[in-house]
Amino acid sequence: MAKPILVANWKNHPGSLSEAGVLLKQLSGSARLYQKLSLFIAPPLPYLESVSLRTGNFAHLALQDFPASSDGTHTGMVTPDILKSFGVKLAIIGHSERRALGETNDSVAQKVKAALRSGILSLVCVGELSRDQDGEHFEFLREQIKLSLAGLNRKTDISKLALAYEPVWAIGKRADDAITPADLSQSVIFIKKVLVDMFGRTIAERIPILYGGAVEPVDATALFGGTGIKGFLVGHASLNAKSFKTIAESLIRK
Ligand code: PGA
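Please read all numbers here as calculations on a predicted model, not as lab measurements. (Residues numbered from 1 in each chain as written. Predicted model: local features only at pLDDT ≥ 70, side-chain atom pairs only at ≥ 80, totals over all residues. Heavy atoms only, no water.)

### Some details on the layout of surface pockets
In this approach a probe as big as a water molecule rolls over the atoms, and the regions it shows empty are the leftover space. Taken as a whole, the largest pocket spans an internal volume of roughly 500 Å³. For the largest pocket, the lining is made up of 24 residues, of which Ala 2, Lys 3, Pro 4, Ile 5 and Lys 230 are closest to its centre. Secondary structure elements with two or more residues in the lining of the largest pocket: strand S2 (38–42), strand S5 (121–126), strand S6 (161–165) and helix H11 (241–252). Classifying every residue of the lining of the largest pocket by side-chain character gives 16 nonpolar, 2 polar and 6 charged. (1 Å grid on protein atoms, 1.4 Å probe; cavity = no way out; pocket = protein on both sides within 12 Å on 5 of 7 lines; lining within 4 Å. Points joined across faces, edges and corners; volume = space filled by probe spheres on them. Helix = DSSP H or I, 4+ residues; strand = E, 2+ residues; numbered from the N terminus. Nonpolar A, V, L, I, M, F, W, Y, C, P; charged D, E, K, R; others polar.)

### Remarks on the packing of helix H10 (residues 217–224) against H11
Packing of H10 against H11 brings their axes to within 9 Å, and their N-to-C directions diverge by 15°. Between H10 and H11, the interaxial angle falls into the category roughly parallel. Relative to H11, H10 is oriented so that their crossing is right-handed. Contacts between H10 and H11 involve Pro 217, Ala 220, Thr 221 and Phe 224 from the first element and Ser 243, Thr 246, Ile 247, Ser 250 and Leu 251 from the second. (Axes fitted to C-alpha atoms, helices over the stretch in contact; angles between N-to-C directions. Parallel < 35°, antiparallel > 145°, perpendicular 65-115°, else oblique. Left-handed = near helix turned anticlockwise from the far one by under 90°. Contact = heavy atoms within 4.5 Å.)

### Concerning the sheet that holds strand S4 (residues 88–93)
Overall, parallel pairing links the 8 strands, which are arranged S1-S2-S3-S4-S5-S6-S7-S8 in a closed barrel. Within this sheet the neighbouring strands show an average axis-to-axis angle of 25°, counted without direction. (Pairing = 2+ DSSP bridges.)

### Some thoughts on the side chain of Ser 96
With respect to the helices, strands and loops of the structure, Ser 96 is situated in helix H5 (residues 96–99). The buried category is assigned to Ser 96, whose relative accessible area is 14%. Setting aside anything within four residues of it in sequence, one finds Ser 96 in contact with Val 168 and Ile 171. (Buried < 20%, exposed > 50% of the residue type's maximum accessible area, 1.4 Å probe, protein only.)

### Observations regarding the site of the ligand
In the vicinity of the ligand, the contacting residues are Asn 9, Lys 11, His 95, Glu 166, Ile 171, Gly 172, Gly 213, Ala 214, Leu 233, Val 234, Gly 235 and His 236. In this structure, an oxygen atom belonging to the ligand sits 2.6 Å away from a main-chain N or O atom of Gly 172. Here an oxygen atom of the ligand and a backbone polar atom of Gly 235 are 2.8 Å apart. Starting from 280 Å² of accessible surface for the ligand in isolation, the protein chains cover 99%. Of the residues that constitute the shell around the ligand, the class distribution is 4 nonpolar, 6 polar and 2 charged. (Near = heavy atom within 4 Å. Polar contact = N/O pair within 3.5 Å; in protein donor to acceptor, adjacent residues only side chain to side chain. Areas by Shrake-Rupley, 256 points an atom, 1.4 Å probe, with all protein chains shown as cover.)

### Here we look at H10
When H10 is considered as a whole, its buried residues turn out to be Asp 219, Ala 220, Leu 223 and Phe 224. Along the long axis of H10, the arc covered by the buried residues comes to 125°, so they all point the same way. Of the surrounding secondary structure, the elements contacted by the buried residues of H10 are helix H8 (181–199), strand S7 (209–212), strand S8 (231–234) and H11. Just downstream of H10, Gly 226 is the residue with a positive phi angle, here 75°. (Arc of directions from axis to C-beta.)

### A word on the packing of helix H6 (residues 105–118) against helix H7 (residues 136–148)
H7 packs onto H6 with a crossing angle of 40° between their chain directions and a minimal axis gap of 8 Å. Judged by the inter-axis angle, H6 sits oblique to H7. Residue-level contacts link Asn 105, Val 108, Ala 109 and Val 112 of H6 to Glu 143, Gln 144, Leu 147 and Ser 148 of H7. Each residue belonging to the contact of H6 with H7 can be placed in one class, and the counts come to 4 nonpolar, 3 polar and 1 charged.

### Thoughts on the environment of Ala 109
As for its position among the elements, Ala 109 is in helix H6. Remark: the alpha-carbon pair of Ala 109 and His 236, spanning 127 residues in sequence, is separated by 27 Å. Among all residues touching Ala 109, those that are not within four sequence positions of it are Leu 147, Ser 148 and Ala 150.

### Concerning the packing of aromatic side chains
Applying the stated criterion across every chain yields a total of 5 aromatic pairs. A ring pair is formed by Tyr 34 and Phe 58, whose centres lie 5.7 Å apart and whose planes are at 25°; its orientation type is stacked. Of this pair, Tyr 34 sits in helix H2 (residues 31–34) while Phe 58 sits in the loop between helix H3 (48–55) and strand S3 (60–63), and the two are 24 residues apart along the sequence. Both residues of the pair, Tyr 34 and Phe 58, count as buried. (Phe/Tyr/Trp six-rings, centres within 6.5 Å; stacked < 30°, edge-to-face > 60°.)

Below you can see the structure in the form of C-alpha cells.
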C-alpha cells in the first residue's frame, strides 16, 4: 500500500533562515519516522536549498505556488523548470490564500498543466468558503474541482495529481473549531463522487485526497481514521517540530 502523505506548508515562516535551521534540525531528529511517510516540505523559496540539504534523506521539496508560464522572459518570476532543478517534487496549487489574492480556477488548471510539463506532482487545493444547512457548499466544491482539473488527460495525467480538501473556514483555526470527522467523511465521499464523474471509478480511485485546515496533534488521529483521506496538508502545526511529529505518528498508527 502507498505510504500516507504529509505536506508541511510553512507559508511565510519561520521568519529567518537561522530559525528555519533550528526547525530543520529538530525535524531531522525524527528522520526515521518521516521515512515511513511520503513527506513534503513547502518552505519559503529562499530556504529551498537549506531544506534540501538538511532533509534529503527523509523529505521531498515542495512549492507553495509557482507561475504557470515558463515561456518568454519574466522579470521577478521563478519558473517551474528552475524550481525542478532544485529537486522540487510537488507543488501546492490553488491554496485558498492564493485564491484570495486573485487565483482563479482557470489559472489553477493552467498551473496543473505547467506542473505536469515539468514533471512536478500537483496538489490541488479545493474547499468551500463557508458551510450552509442546505448543502449549497457542495455545489461550490463540485464547480471548483471540475474547473481546477479541466483539460487533464485521464490516462496520462492522473498519476501526477493529488487533491487537498481545505475548507477555508477551518484554515488556521484551532482543533476545537476544526471540521468533525463525520463532516470530513461526508465531504470526502462527495469529492470522490465528483472525481468518479470526471474520470471514471478506476482512475478516480488513484487520486489521493488529503485534508488540511486546523490539523493539530489533538485531532489528527480522529481526522485520519476512517474518513477516507490519505494524509494531511499542515500549516501552522508544521512549524512546531513536536506537534508535527505527533501528526506524523497519527498517520502510521492506523
Ligand atoms: P492550517 O493551514 O493547518 O494552519 O490550518 C493549512 C493550510 O493553509 O494549508
